[in-house]
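Observations on the model geometry
Letter by letter, the chains look like this.
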Amino acid sequence: MGIKNKSQKELKELFLEKLNSQQGRSLAEASEKDKFQALGGAIRDQINQKLVQTNREYRAQGVKQVYYFSLEFLLGRLMKSNLINLGVRERWQKVLAELDIDLTELEQIEPEAGLGNGGLGRLAACFLDSLASLSLPGHGCGIRYRYGHFKQKIADGYQVEIPDNWLKDGYIWEVRRSDKAVTVNFGGEVAVENRAGKTTYELKNGQPILAVPYDVPVIGYDSETVNTLRLWNAETEDVFDNLPFSKNNYQQGAKYRNEVEEISEILYPDDTYHEGKMLRLKQEYFLVSAGLQSIIRTYKKTKDSLADFADRVAVHINDTHPALAIPELMRLLMDEEGMGWDQAWTITTSTFSFTNHTLLSEAMEEWSIDNVRSLLPRIYMIIEEINKRFCHDLQQEYPGNQELLNEMAVIHKGMVRMAPLAIVGSHTVNGVARLHTKILKERELNNFYRLFPEKFQNKTNGVTQRRWLLNSNPELAELITDKIGDSWICNPRKLKGLEEHAADSAFQKRLAEVKLTDKEKLADFIEQQQGLIVDPNSLFDVQIKRLHGYKRQLLNILHVLHLYNRIREEPNLEIPARTFIFAGKAAPGYHYAKLIIKLINTVGKLVNDDPEIEDRLKVVFLADYGVSLAEKIIPAAEVSEQISTASKEASGTGNMKLMMNGAITLGTMDGANIEIREEVGADNVVIFGLESDEVMDFYQQGGYNSREIYEQEPAVKKVLDQLVDGTLPASQSEFEEIRRQLLDFNDQYFVLKDFASYARAQEKIGKLYQDREHWLEMSAINIASSGRFSSDRAIKEYADQIWDLEPFIGSEPEKEQSGY
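Note that the structure is predicted; figures quoted are calculated from it, not measured.

Looking now at the overall build of the chain. A tally of regular secondary structure across the chain gives 32 helices and 23 strands. The principal-axis extent of the C-alpha atoms belonging to the chain is close to 90 × 75 × 60 Å. Counting the 820 residues in the chain, one finds 60% classified as buried. Total accessible area on the chain is roughly 32100 Å²; 45% of this is exposed by carbon and sulfur atoms. Taking the 98 positively charged and 123 negatively charged side chains of the chain as two groups, their mean positions are separated by 3 Å.

When a strand is regular, its side chains alternate between the sheet's two faces. Across 5 bridges, the pairing between strand E3 (residues 151-155) and strand E4 (residues 158-162) is antiparallel. If you follow Ile154 over to E4, its bridge partner there is Gln159. Adjacent in sequence and paired antiparallel, E3 and E4 are bridged by 2 residues, among which Asp156 carries a positive phi angle near 55°.

Our focus in this paragraph is a positive patch on the surface. On the surface, Arg56, Arg59, Arg297 and Lys301 cluster together into a patch of positive charge. Inspection of the secondary structure puts Arg56 in helix H2 (residues 32-61).

Attention now goes to the sheet that holds strand E13 (residues 366-368). Spatial strand order, E13-E15-E14: 3 strands in an open sheet with antiparallel pairing. Strand pairing shows two members of the sheet lacking a second neighbour, E13 and strand E14 (411-412), which therefore form its edges. Note that E14 and strand E15 (residues 415-417) share 2 bridges and pair antiparallel. Within E15, the residue paired with Ile411 across the bridge is Val416.

A full pass over the atoms with the stated rule returns 57 salt bridges. Two residues, Glu224 and Lys50, come together in a salt bridge whose shortest N-O distance is 3.6 Å. Pair noted here: Glu224 is in the loop between strand E9 (207-219) and strand E10 (226-235) and Lys50 is in helix H2, with a separation of 174 residues, a long-range link. For Glu224, a relative accessible area of 38% gives the class partly exposed. Between Asp800 and Lys796 there is a salt bridge whose closest N-O contact spans 2.8 Å.

Bringing the sheet that holds strand E22 (residues 664-667) into the picture now. The parallel open sheet is built from 6 strands, whose spatial order is E20-E19-E18-E21-E22-E23. At either end of the open sheet lies a strand with only one pairing partner, and these are strand E20 (617-622) and strand E23 (686-687). Strands in contact with helix H21 (residues 553-569) are strand E18 (539-544), strand E19 (578-583), E20 and strand E21 (639-642); relative to E19, the strand with the most contacts, it is inclined by about 155°.

The next thing to look at is the packing of aromatic side chains. What the rule picks out here adds up to 17 aromatic pairs. Seen from their ring centres, Phe390 and Phe448 are 6.2 Å apart, and the 10° between their planes marks the pair as stacked. With Phe390 in helix H13 (residues 377-397) and Phe448 in helix H17 (residues 446-451), this residue pair connects regions lying 58 residues apart in the sequence. Under the relative-accessibility criterion, Phe390 is labelled buried at 5%. Between the aromatic rings of Tyr704 and Phe750, the centroid separation amounts to 5.0 Å while the plane-to-plane angle is 45°, which identifies the pairing as tilted.

With that settled, consider a negative patch on the surface. Together, Glu691, Asp693, Glu694 and Asp697 make up a region of like negative charge exposed at the surface. Structurally, the position occupied by Glu694 is in helix H26 (residues 692-701).

With that settled, consider the packing of helix H30 (residues 755-770) against helix H31 (residues 772-785). Axis separation between H30 and H31 bottoms out at 5 Å; the angle between their running directions is 105°. The orientation of H30 relative to H31 falls into the category roughly perpendicular. Residues Ile765, Leu768, Tyr769 and Gln770 of H30 touch H31, and the partners they reach there are Arg772, His774, Trp775 and Met778. Along the lines of polarity and charge, the residues of the contact of H30 with H31 split into 5 nonpolar, 2 polar and 1 charged.

Across the 6 residues that make up E18, a large majority, 6, are buried. In this sheet, E19 lies alongside E18 in parallel orientation, the contact comprising 6 bridges. Following the sheet pairing, Gln543 is matched in E19 by Phe582. A crossover connection joins E18 to the parallel E19 through H21; in handedness this β-α-β unit is right-handed.

Interaxial distance between helix H1 (residues 8-23) and H2 falls to 8 Å at its minimum, and their mutual angle equals 110°. Judged by the angle between their axes, H1 and H2 are roughly perpendicular. In this structure, the crossing between H1 and H2 has a hand that is right-handed. Residues Leu14, Phe15, Lys18, Leu19, Gln22 and Gln23 of H1 form the contact with H2, whose own contacting residues are Asp34, Lys35, Gln37, Ala38, Leu39, Gly41, Ala42, Arg44 and Asp45.

Right, let's talk about empty space enclosed by the protein for a bit. Tallied over the full model, the rule gives 6 cavities of 30 Å³ or more. Taken as a whole, the largest cavity spans an internal volume of roughly 260 Å³. Lining the largest cavity are 19 residues, with Leu78, Ser81, Asp129, Val218 and Arg467 sitting closest to its centre. Listed by contribution, the elements that provide at least two residues to the lining of the largest cavity are helix H3 (79-86), helix H6 (119-133), E9 and helix H18 (465-471). Among the residues making up the lining of the largest cavity, the classes are represented as 10 nonpolar, 5 polar and 4 charged. The space that makes up the second largest cavity amounts to roughly 130 Å³. Lining the second largest cavity, in full, are Tyr58, Arg59, Gly62, Val63, Gln65, Tyr67, Ile295, Thr298, Tyr299, Thr302, Arg312 and Val313. Per-element accounting of the lining of the second largest cavity gives the leading share, 3 residues, to helix H8 (residues 274-299). Looking at the lining of the second largest cavity residue by residue, the classes come out as 6 nonpolar, 4 polar and 2 charged.

A word on the side chain of His139. Here His139 shows up in strand E2 (residues 138-143). Given a relative accessible area of 7%, His139 falls into the buried group. Within the local environment of His139, its side chain forms a polar contact with the side chain of Gln65, the two groups lying 2.6 Å apart. If we skip the residues at most four places from it in the chain, His139 touches Asn55, Tyr58, Gln65, Val66, Tyr67, Tyr68, Leu128, Asn227 and Thr228.

With 17 residues, H21 should reach 24 Å at 1.5 Å per residue; the first-to-last C-alpha distance of 24 Å fits that figure. Among the 17 residues in H21, 15 count as buried, and that is most of the element.

Reading the values: the criteria
Residues numbered from 1 in each chain as written. Predicted model: local features only at pLDDT ≥ 70, side-chain atom pairs only at ≥ 80, totals over all residues. Heavy atoms only, no water. Helix = DSSP H or I, 4+ residues; strand = E, 2+ residues; numbered from the N terminus. Buried < 20%, exposed > 50% of the residue type's maximum accessible area, 1.4 Å probe, protein only. Areas by Shrake-Rupley, 256 points an atom, 1.4 Å probe, with all protein chains shown as cover. Lys, Arg positive; Asp, Glu negative; His and termini not counted. Charge placed at Lys NZ, Arg CZ, Asp CG, Glu CD. Pairing = 2+ DSSP bridges. Patch = residues over 30% accessible without salt bridge, like charges linked within 9 Å, V, L, I, M, F, W, Y side chains within 5 Å. Salt bridge = Lys/Arg side-chain N within 4 Å of Asp/Glu carboxyl O. Contact = heavy atoms within 4.5 Å. Axes fitted to C-alpha atoms, helices over the stretch in contact; angles between N-to-C directions. Phe/Tyr/Trp six-rings, centres within 6.5 Å; stacked < 30°, edge-to-face > 60°. Parallel < 35°, antiparallel > 145°, perpendicular 65-115°, else oblique. Nonpolar A, V, L, I, M, F, W, Y, C, P; charged D, E, K, R; others polar. Right-handed = clockwise from strand over helix to strand, strands pointing away. Left-handed = near helix turned anticlockwise from the far one by under 90°. 1 Å grid on protein atoms, 1.4 Å probe; cavity = no way out; pocket = protein on both sides within 12 Å on 5 of 7 lines; lining within 4 Å. Points joined across faces, edges and corners; volume = space filled by probe spheres on them. Polar contact = N/O pair within 3.5 Å; in protein donor to acceptor, adjacent residues only side chain to side chain. Expected span 1.5 Å × (residues − 1).

Structure follows, in structure tokens:
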């Protein structure tokens, strides 16, 4: 019997039984962790029943399924969202209250799964939610990182990285499937033989590693569909079983075990040194080999021949990290299944699709030939053959154009290039925002676009309204439902119905009350975390994202210093009180980004400790940004800082989450900001700065001199001088590198060029905020317009236009489908 059909009494008995049988505790003896585990166990039983039924029906009906390969899946806590999606949260809240247990507090105990870092992983998680909620047969494939990325602490203003041991108490949602383990081989030599006129390839003396899957169920909202996120763990068979005991054997065995287990130890190991590069390459191949072996084994349970593989299986490559899946599928089809090259290549190129997520050249992955050949000798042979055949085709298409061939080759100048490999081996290539796709076609991947125009599409990113509104901001969700009903939960375009209430004073009053409540909660959290008191009535200006030069947290904090100067110089300056909130991690090896974190905290100390400023200006840096922290910040945000250098941000998804919660975008014409402006109207965002064509002209033709701006604009000169003149509570040399990057190295990301425009945009924000009725109308229009940026819309487009995937309703009752 499902939980929905159980009485309150039966649910209570189920919980107490789980507490006793699973945790070995009575209610009186149980800790909060015990109670969380007992509730999770009760919920998981119901989920597993649905999971078994879903998989049984997928197999029985032979439906086509998509497998989404990604190095990151940033899930966030799942207890609350699972309860909501199952439609049982209110019932459990009442049952637990009778036992004097607060469900909301219990939900906070769950560790945040350390499976991702930023937008790439959160997008993948949103996509999994939408696949299941739209009853689409689709699964995730990733790595079960033991320590995730890292936990960020701030010590004396600096970022400090410590291991994120998120698995120390286990993970209630995962199920270990040791019976589904596969072997992944590294190193060795390839033995080539000719037998009866057929060439065979066999890997000898390789290092076999056991890939053990841990399955996490992905539950659709109000749906019988439960898909799977399969996470692979690197393990060894017991290396000591067949060895005579000796100290030397023990040490060798322990060393081998450590080498194996580090493959699934951390996300993005530092690749500034050789061992780190090799570990990253190992991770990427480990993921795709284990995933594809598993997919083929599942496929062969119902089909003898792989000739129709691409009719039943779609594999999506999320950025270049899983691009080795292309030669790996070729290896499996040829070496394991006995296919010839042409048949295997036809199946491979009909199976894969590829999303490019970046415009940054340093993020376009490439690996040295020596590394690939030594670690993956058979895979290198296949890549070499792919490159040979592709270059032959290029020579036929563009005879004598060696320069073009060099630019497009998969292997060039001793490097194996992942983007060309992914493009050549996929049937579809997509960007993630209209501008991003345009730049890919016209600039970054123009040669490939001219050769394969039919491959290129745009699929603007999206976020799930169930996580980022229904789950994260229940008070706002309730207000919306009171006004337009709850159909927006499954059909986000219905949010558009809020527009007719945007100017209604009664609705605005309630909207303002909800926002103030969210700001008060965040203010309380800031005080608990940092002892800093911020005014909930001040304007909450938020920039929450990974630290990088092009994302321009530096522009933001230099403007804060400028604003501080203005208030000091003009004590009667009439501007709204502001609280600037930053959060985000810098890559451990990215010194410049880490220095910007130190600058933010140093300016924060200057501002927050100045008694003359009082509550007019505050600066907060919240450590260890992740999904759970975002769920506290985003509902309280009023200004959404999306200020990347135009042409650098592929899309962004934080901009979508923030507008969905009523924040006003302050941004450049970059990424999805352009489409947000188009959807909400130019009067409901604030845009500033260079546009992408201007930025690209400067890069290509020169003409920008940052020192001229420094010398001509007093406000810019003052804040840059303050970095090194003792104004800041830090060593005068602390931020010399930032000043040098901006002046001596000509300001790569045009911070100074856009400074005056940004300052004017901030002034405009302040004036708009003082007109409360107009501001609340803008906020309401942003919420109403956010449906276009739902991941439901994005996934429907992928399913229809790339994967050829149909919803599978199975035995569940009919329900209203998304309006997309």
